[in-house]
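A structural walkthrough
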Amino acid sequence: MGTVSKALSLLTHFNHGRTGIGLSDLTRLSGMNKATVYRLMGELQESGFVEQTDGDRMYRLGPQVLRLAALREAAVPILSVSRRVLRDLSDETGETTHLSLLQGSQLNSLSHAYSPRHATKVMMEDAEVLTFHGTSSGLAVLAYADTGFVEDVLAQPLTIHTPETITDPREIRAQLAEVRATGMAQSIGGFEADVHSHAVPVFGPDRQVIGALAVAAPVSRMTAEQKQLILAALRRAGASLTHRIGGSAPADYPQDAAV
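Residues numbered from 1 in each chain as written. Predicted model: local features only at pLDDT ≥ 70, side-chain atom pairs only at ≥ 80, totals over all residues. Heavy atoms only, no water.

**Thoughts on the packing of helix 1 (residues 3-11) against helix 3 (residues 34-46)**
Where helix 1 contacts helix 3, the axes come no closer than 10 Å and their chain directions differ by 85°. Judged by the angle between their axes, helix 1 and helix 3 are roughly perpendicular. Residues T3, K6, A7, L10 and L11 of helix 1 form the contact with helix 3, whose own contacting residues are V37, R39, L40, M41 and L44. Looking at the contact of helix 1 with helix 3 residue by residue, the classes come out as seven nonpolar, one polar and two charged. (Axes fitted to C-alpha atoms, helices over the stretch in contact; angles between N-to-C directions. Helix = DSSP H or I, 4+ residues; strand = E, 2+ residues; numbered from the N terminus. Parallel < 35°, antiparallel > 145°, perpendicular 65-115°, else oblique. Contact = heavy atoms within 4.5 Å. Nonpolar A, V, L, I, M, F, W, Y, C, P; charged D, E, K, R; others polar.)

Below you can see the structure in the form of C-alpha cells.
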C-alpha cells in the first residue's frame, strides 16, 4: 500500500459511531505503527481532510471532505436523485429502503428511507459499512464486480454476524451465480437476525457496478405476496436509478431487470 493509500485508508475508520478518533485508537484500528499514523494524520490535517478541535486531541473529518463530496454530487448527483427513488420504493413496498455505494474496498450505506406503514421496521444508519458476504447489497455488488475484486473479498476472514451468516466461499460463489442469473440478491438473517433483504445492483456510465439498491423487511412480514411486490418494485427502482445517473447495465444483466 502506497503512502497516499495508507493516509486515505485512515479516513475509512470514521463512522456514525466514531465521529472522533484519538491517535491510539487509530493506531489500533489501522494496524500501523503510531509514528506512521501520527505523520499521516498530520499531513491530512494540513490538507484539511481532518481537524482537531481546540483543547481536544481527537481527530474528526475536516472541511475538505465536504468540499469533495459537494463536487462529486454536482458531477454525479446520485444522493439527490436516490432520495426520490428511495421514498417512492419505500411507499410502494411499505418497508425500509436503502442505497449503498462501493467506495474503494468498502460498501457504505449512503441513504435510506422508512415507510410509516408499520411501527416495526428495519433501522439503518447512513455511512454504515456493509459486509459483502452477509448482505443482499454486498452480494448484488460482488455478482457484477471484477473477478479479482471478488477473490480478494473472499480471501479475507469473513465475519459471522448471525447464525445464518454464510462464510464458506464455495457457497457464496453459488449465491453469486444465482444473482447473475436473476439480477436479484437476497439475504435472510445474514447481517442482522430476523431481517430479510433483497437488492439489485446499480451501474455507472461505464456499465460497471457502483453500488446496490435494497429493500429490507422483518422476516415475519415476508409473505409470498410481499416478496413478489418487493421484487417487482425493486427491479423498476434499480433500473430507474441507474438510468437517472446516466448509467447502463452490462450486456449480461438479465433483460427483465435491465434499464
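Still more ground to cover, so stick around.
**With respect to the packing of aromatic side chains**
Across all of its chains, the model carries four aromatic pairs by this definition. Residues Y144 and F203 carry aromatic rings whose centres are separated by 5.5 Å and whose planes lie at 90° to one another, so their mutual orientation is edge-to-face. One end of the pair, Y144, is in the loop between helix 6 (136-143) and helix 7 (147-155); the other, F203, is in strand 7 (residues 195-203), with 59 residues separating them in the sequence. Owing to a relative accessible area of 10%, Y144 belongs among the buried residues under this scheme. The interplanar angle of 75° and the centroid separation of 5.3 Å between the aromatic rings of F203 and Y253 together place this pair among those described as edge-to-face. Linking F203 in strand 7 with Y253 in the segment after helix 9 (224-244), this pair joins segments that are 50 residues apart in sequence. (Phe/Tyr/Trp six-rings, centres within 6.5 Å; stacked < 30°, edge-to-face > 60°. Buried < 20%, exposed > 50% of the residue type's maximum accessible area, 1.4 Å probe, protein only.)

**Describing the packing of helix 6 against helix 8 (residues 169-182)**
Interaxial distance between helix 6 and helix 8 falls to 9 Å at its minimum, and their mutual angle equals 75°. If you check the angle between helix 6 and helix 8, you find them roughly perpendicular. Mapping the contact onto sequence places L139, A140, L142 and A143 in helix 6 and I172, Q175, L176, V179 and R180 in helix 8. Here the residues of the contact of helix 6 with helix 8 are counted per class, giving seven nonpolar, one polar and one charged.

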